[in-house]
Amino acid sequence: QVQLVESGGGLVQPGGSLRLSCAASGSNFAFNTMAWYRQPPGKQRELVASLTRRGSNYADTVKGRFTISRANAKNTVVLQMNSLKPEDTAVYYCNFQVTLSATTEDLDVWGQGTLVTVSS
């Protein structure tokens, strides 16, 4: 199986930056999609950014401010968040859609979530 561990959340002032990381461990796999979602207080979870072999996509609310990328450790995805706004406050979750190498089983795996608070 595959496990995801997130890091990098915290408190930041408006206009500041944060970098979230999500590292996968466990069984060997090929990734299909790496993505970040967020769930603001009292609201539903929403897609923030996704990365496939064809490229990246972003929610309109974060375009030009957030960047999703794979780190040098290929099983790690990073979300660089710049020019943060109070409305970016949320629990951020990483999500990997992978295919296990040994069994070709497709898995949809979620991280535990990390809180990002943007406030002065």
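Up top you'll find the structure we're talking about.
Everything in this summary refers to the structure shown in the same document. These numbers come from a predicted model, not from an experiment.

This part takes up the environment of Thr89. Inspection of the secondary structure puts Thr89 in the loop between strand E8 (76–81) and strand E9 (90–100). Residues Thr89 and Gly10 lie 79 residues apart in sequence; the distance between their C-alpha atoms is 9.9 Å. Not counting chain neighbours up to four residues away, the residues in contact with Thr89 comprise Pro40, Pro41, Val116, Thr117 and Val118. A polar contact of 2.9 Å, which involves the side chain of Thr89, links it to the backbone oxygen of Pro86. A polar contact is formed between the side chain of Thr89 and the backbone nitrogen of Val118, at a distance of 2.9 Å.

Here strand E10 (residues 106–110) shows one buried face, formed by Leu107 and Val109, and one open face, formed by Asp106, Asp108 and Trp110. Here E9 runs beside E10; their pairing, made up of five bridges, is antiparallel. Each residue of the ladder has a partner; that of Asn95, found in E10, is Trp110. Taking the residues that link successive antiparallel strands as the turn, the E9-E10 hairpin has five residues, and the phi of Thr104 there is positive, at about 60°.

A few words on the side chain of Thr76. Here Thr76 lies in strand E8. Residue class for Thr76 comes out buried when judged on its relative accessible area of 14%. Residues in contact with Thr76, not counting those within four places in the same chain, are Ser21, Cys22, Ala23, Ser69, Arg70 and Ala71.

Tallied over the full model, the rule gives four salt bridges. Between Lys63 and Asp60 there is a salt bridge, with the nearest N and O atoms lying 3.2 Å from each other. Residues Lys63 and Asp60 agree in their burial class; the two are exposed. What you see here is one network of salt bridges that share partners, running through Arg38, Glu46, Arg65 and Asp88.

Taken in spatial order, the four strands make up an open sheet running E1-E3-E8-E7, and their pairing is antiparallel. Single-partner strands in this sheet number two, and they are strand E1 (2–7) and strand E7 (66–70). Recorded for the sheet is a direction-independent mean angle of 15° between the axes of neighbouring strands. Sheet topology note: the strand E3 (residues 18–26)/E8 ladder contains six bridges and is antiparallel.

Reading the values: the criteria
Residues numbered from 1 in each chain as written. Predicted model: local features only at pLDDT ≥ 70, side-chain atom pairs only at ≥ 80, totals over all residues. Heavy atoms only, no water. Helix = DSSP H or I, 4+ residues; strand = E, 2+ residues; numbered from the N terminus. Contact = heavy atoms within 4.5 Å. Polar contact = N/O pair within 3.5 Å; in protein donor to acceptor, adjacent residues only side chain to side chain. Buried < 20%, exposed > 50% of the residue type's maximum accessible area, 1.4 Å probe, protein only. Pairing = 2+ DSSP bridges. Salt bridge = Lys/Arg side-chain N within 4 Å of Asp/Glu carboxyl O. Axes fitted to C-alpha atoms, helices over the stretch in contact; angles between N-to-C directions.

All quantities given are derived from atomic positions and should not be read as evidence of function.
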